[in-house]
Amino acid sequence: MSLSRFVLYYILYTAVLAGIAIALPVVFPDVKLLANKFWLIFGFLGGLTFVAYILAFIGIKRNPETGVLAIMGSIAVKMLFSMAFVLIYSLNHKGKDLVFVFNFFSLYLLFTFFEIYGLLRNLRHQNK
């Protein structure tokens, strides 16, 4: 998958996720489903996923034989920055915020799924 194609699909995927996030409070008005800083979490994970994909994409293009290492490295960097984000958030917001935990990890998994899907498509095309 080319970089421009990934960017297009990524913007569409992010827009769909944002649409779902906007619709959830409308569909379920009595339930708190989004954290207070949801859009900060969304933007952080969206941007971090995009940067991680670009790093892995460059690593795959430079040396296709170590493409899997580039993917694993980008995922590790993403995980470290995500853990730092959770640490900073938890230090600034005292108390138990279960909604934040569900929001953060669901977005993390959704963005990571899309990133890995895109990267594995690149590896599949190289193996042919």
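Look above for the structure.
Residues numbered from 1 in each chain as written. Predicted model: local features only at pLDDT ≥ 70, side-chain atom pairs only at ≥ 80, totals over all residues. Heavy atoms only, no water.

With that settled, the discussion passes to the overall build of the protein chain. Check the secondary structure of the protein chain and you find four helices and zero strands. Counting from the amino terminus, helix and strand elements in the protein chain follow one another as α-α-α-α. Principal axes of the C-alpha set define a box for the protein chain whose edges measure 50 × 30 × 15 Å. Counting only residues that meet the buried cut, the protein chain has 36% of its 128 residues in that class. Restricting to contacts in the protein chain with at least 6 residues of sequence separation, those with at least 24 account for 80%. When the accessible surface of the protein chain is summed, it comes to about 8100 Å², and 74% of that surface belongs to carbon and sulfur atoms. Charge centroids of the protein chain, computed over 11 positive and 4 negative side chains, lie 6 Å from each other. (Helix = DSSP H or I, 4+ residues; strand = E, 2+ residues; numbered from the N terminus. Buried < 20%, exposed > 50% of the residue type's maximum accessible area, 1.4 Å probe, protein only. Contact = heavy atoms within 4.5 Å. Areas by Shrake-Rupley, 256 points an atom, 1.4 Å probe, with all protein chains shown as cover. Lys, Arg positive; Asp, Glu negative; His and termini not counted. Charge placed at Lys NZ, Arg CZ, Asp CG, Glu CD.)

Attention now moves to the side chain of Ser82. As for its placement among the helices and strands, Ser82 is situated in helix H3 (residues 67–92). Excluding residues within four positions of it along the chain, Ser82 makes contact with Phe44, Leu45, Leu48, Phe104 and Tyr108.

The next subject is helix H1 (residues 3–27). Counted at 1.5 Å a residue, the expected span for H1 with its 25 residues is 36 Å, and the 35 Å between its end C-alpha atoms agrees. For H1, the full list of buried residues reads Phe6, Tyr10, Tyr13, Thr14, Leu17, Ala18 and Ala21. (Expected span 1.5 Å × (residues − 1).)

Turning our attention to the packing of helix H2 (residues 38–62) against H3. Here H2 crosses H3 at 160°, and the two axes come no closer than 8 Å. Comparing their axes, H3 and H2 come out roughly antiparallel. Once H2 is placed against H3, the crossing between them reads as right-handed. Residues Leu40, Ile41, Phe44, Leu45, Leu48, Thr49, Ala52, Ala56, Gly59 and Ile60 of H2 pack against Gly67, Ala70, Ile71, Ser74, Lys78, Phe81, Ser82 and Phe85 of H3. Residue classes in the contact of H2 with H3 are distributed as twelve nonpolar, five polar and one charged. (Axes fitted to C-alpha atoms, helices over the stretch in contact; angles between N-to-C directions. Parallel < 35°, antiparallel > 145°, perpendicular 65-115°, else oblique. Left-handed = near helix turned anticlockwise from the far one by under 90°. Nonpolar A, V, L, I, M, F, W, Y, C, P; charged D, E, K, R; others polar.)

Moving on, we come to the packing of aromatic side chains. Tallying each qualifying case throughout the model produces 21 aromatic pairs. Relative to Phe111, the ring of Phe42 has its centre 5.6 Å away and its plane inclined at 65°; by these criteria the two rings are edge-to-face. Pair noted here: Phe42 is in helix H2 and Phe111 is in helix H4 (residues 98–127), with a separation of 69 residues, a long-range link. In this pair, the class of Phe42 matches that of Phe111, namely buried. Consider the rings of Tyr53 and Phe57, whose centres lie 5.9 Å apart with planes at 25°: the pair is stacked. Here Phe57 and Tyr53 lie together in helix H2, a separation of four residues that amounts to about one turn. Exposure remark for Tyr53: the relative accessible area of 0% places this residue in the buried category. Through a chain of ring-to-ring contacts, three or more aromatic side chains come together here, namely Phe6, Tyr10, Tyr13, Phe38, Trp39, Phe42, Phe50, Tyr53, Phe57, Phe111 and Phe114. A cation over an aromatic ring shows up here: Lys78 above the ring of Tyr108, its NZ or CZ 5.1 Å from the ring centre. (Phe/Tyr/Trp six-rings, centres within 6.5 Å; stacked < 30°, edge-to-face > 60°. Lys NZ or Arg CZ within 6 Å of the ring centre and 35° of its normal.)

These figures come from the coordinates and say nothing about function on their own.
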